[in-house]
Amino acid sequence: MAKRLFWKEKYSNFLFYLLLGLIAIVGFLVFKASLKTTYYPKSYLPQYYQSAVGYYKQHLFASALKELRLILKIDPDYKDAHILLGDIYYENGLYREAIKQYQKAIEIDSMDKAAYLKLAVTYWEIEKYELATRVFESMLKKFDPNDISIINNLASCYSKIGLYSIAFRKYKEILRINPRYAKAHYNIGTIYFTYYEDYKAAIKEWIKTLRLDPSIEEARVYIESARYKLKNKEKEHADKIGK
């Protein structure tokens, strides 16, 4: 009888300590979970972000990603973290992942011009010119309809998809805003050369380009090419008349 009582008491003590152990484990897990929220308060997010920027500038992308993922775990709507994450993906050729991050940034802040521009440039990089066109058009409506650099990018997209007449009008629009914008003259010359085969007009535009910006060396090369084409064209015309 005494032996039976001894084992019963021992078993009761075992259960008691087991229960205490379980309570301790649960308490520790709850405490650890609470530390995650108190150890990473939102007020620290700018510090984490600056740390990520520092890693990014040093091309330490793995370390930057670690910081950014921590930020987004605490605050999924931290816009700048999405943009920087997109930049890292872009730099590493992960363009579709970059697009998702830029789109998320725009979803959070529909007036972030930088996010729109990065999105459009990424579409350009993967030759999705129609999508890039939509983004540039949206930027002109949302921000400044006279933004020359955006109009120039938009016109370049139209040229890429073969809509040369629309591109031509856009470049002319730039020159109405700023007649001294050398890139517009250069691009108009390119359209005259490739689309209209108007070599005289192309040469005229490229000469204007070089007067405004002598550093655009391609214009010199194309002038010589246009002169050669013009000479051949005039010779062919003369031969036809002679016949």
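Refer to the structure printed above.
Okay, so let's go over this structure. (Residues numbered from 1 in each chain as written. Predicted model: local features only at pLDDT ≥ 70, side-chain atom pairs only at ≥ 80, totals over all residues. Heavy atoms only, no water.)

Here we take up helix H5 (residues 95–108). Its 14 residues place the ends of H5 20 Å apart at the C-alpha level, agreeing with the 20 Å of an ideal helix rising 1.5 Å per residue. Looking only at H5, the buried set comprises Ala98, Ile99, Gln101, Tyr102, Ala105 and Ile106. What you see down the axis of H5 is that its buried residues fit within an arc of 165°, all on one side. Summarising the geometry of H5, the exposed residues directed more than 90 degrees from the buried face are Arg96 and Glu107. (Helix = DSSP H or I, 4+ residues; strand = E, 2+ residues; numbered from the N terminus. Expected span 1.5 Å × (residues − 1). Buried < 20%, exposed > 50% of the residue type's maximum accessible area, 1.4 Å probe, protein only. Arc of directions from axis to C-beta.)

Here isoleucine 71 shows up in helix H3 (residues 61–74). Judged by relative accessible area, isoleucine 71 falls into the buried class, the value being 0%. Expressed as a C-alpha distance, the spacing of isoleucine 71 and glutamine 47, which sit 24 residues apart in the sequence, is 9.9 Å. Sequence-distant contacts of isoleucine 71, that is, excluding residues within four places in its chain, are made with Leu45, Tyr48, Tyr49, Tyr78 and Ala81. (Contact = heavy atoms within 4.5 Å.)

A few words on the nonpolar core. One finds Leu68, Ile71, Phe136 and Trp206 to be the most contacted residues of the largest nonpolar core, which totals 66 residues. Ignoring any residue separated from it by four or fewer positions in sequence, one finds leucine 68 in contact with Tyr49, Ala52, Ala81, Leu84, Leu85 and Ile88. (Core = buried A, V, L, I, M, F, W, Y, C linked by side-chain atoms within 4.5 Å.)

On to the packing of helix H2 (residues 45–57) against helix H4 (residues 79–91), then. One can describe the packing of H2 onto H4 by two numbers: an axis separation of 11 Å at closest approach and a directional angle of 15°. Taken as axis vectors, H2 and H4 run roughly parallel relative to one another. Once H2 is placed against H4, the crossing between them reads as left-handed. In this structure, H2 uses Tyr49, Ala52, Val53 and Tyr56 to contact H4, whose residues at the interface are Asp80, Ala81, Leu84, Asp87, Ile88 and Glu91. The class makeup of the residues in the contact of H2 with H4 is seven nonpolar, no polar and three charged. (Axes fitted to C-alpha atoms, helices over the stretch in contact; angles between N-to-C directions. Parallel < 35°, antiparallel > 145°, perpendicular 65-115°, else oblique. Left-handed = near helix turned anticlockwise from the far one by under 90°. Nonpolar A, V, L, I, M, F, W, Y, C, P; charged D, E, K, R; others polar.)

The subject of this paragraph is the pattern of salt bridges. Opposite charge on two side chains permits pairing when their charged atoms draw close. In this structure the tally under the stated criterion is nine salt bridges. Across the salt bridge formed by glutamate 107 and lysine 104, the nearest N and O atoms sit 3.4 Å from each other. Here glutamate 107 pairs with lysine 104, and both are found in helix H5, just three residues apart, close to one helical turn. Relative accessible area serves as the criterion here: at 61%, glutamate 107 is assigned to the exposed category. With a shortest N-O distance of 3.2 Å, glutamate 224 and arginine 227 are connected by a salt bridge. Of the two residues, glutamate 224 and arginine 227 are both situated in helix H12 (residues 218–242); the distance of three residues between them amounts to about one turn of the helix. Residue class for arginine 227 comes out partly exposed when judged on its relative accessible area of 43%. (Salt bridge = Lys/Arg side-chain N within 4 Å of Asp/Glu carboxyl O.)

For histidine 59, which is not glycine, the phi torsion reads 60° and is therefore positive. With respect to the secondary-structure elements, histidine 59 resides in the loop between H2 and H3. For histidine 59, a relative accessible area of 52% puts it in the exposed group. Despite not being glycine, glutamate 197 shows a phi value in the positive range, around 55°. With respect to the element layout, glutamate 197 can be found in the loop between helix H10 (182–196) and helix H11 (199–212).

This part takes up the layout of surface pockets. In this model, the largest pocket occupies a volume close to 160 Å³. Only helix H8 (148–160), helix H9 (164–177) and H10 provide two or more residues apiece to the lining of the largest pocket. In terms of residues, the lining of the largest pocket owes the most to one element, H10, which gives four residues. (1 Å grid on protein atoms, 1.4 Å probe; cavity = no way out; pocket = protein on both sides within 12 Å on 5 of 7 lines; lining within 4 Å. Points joined across faces, edges and corners; volume = space filled by probe spheres on them.)

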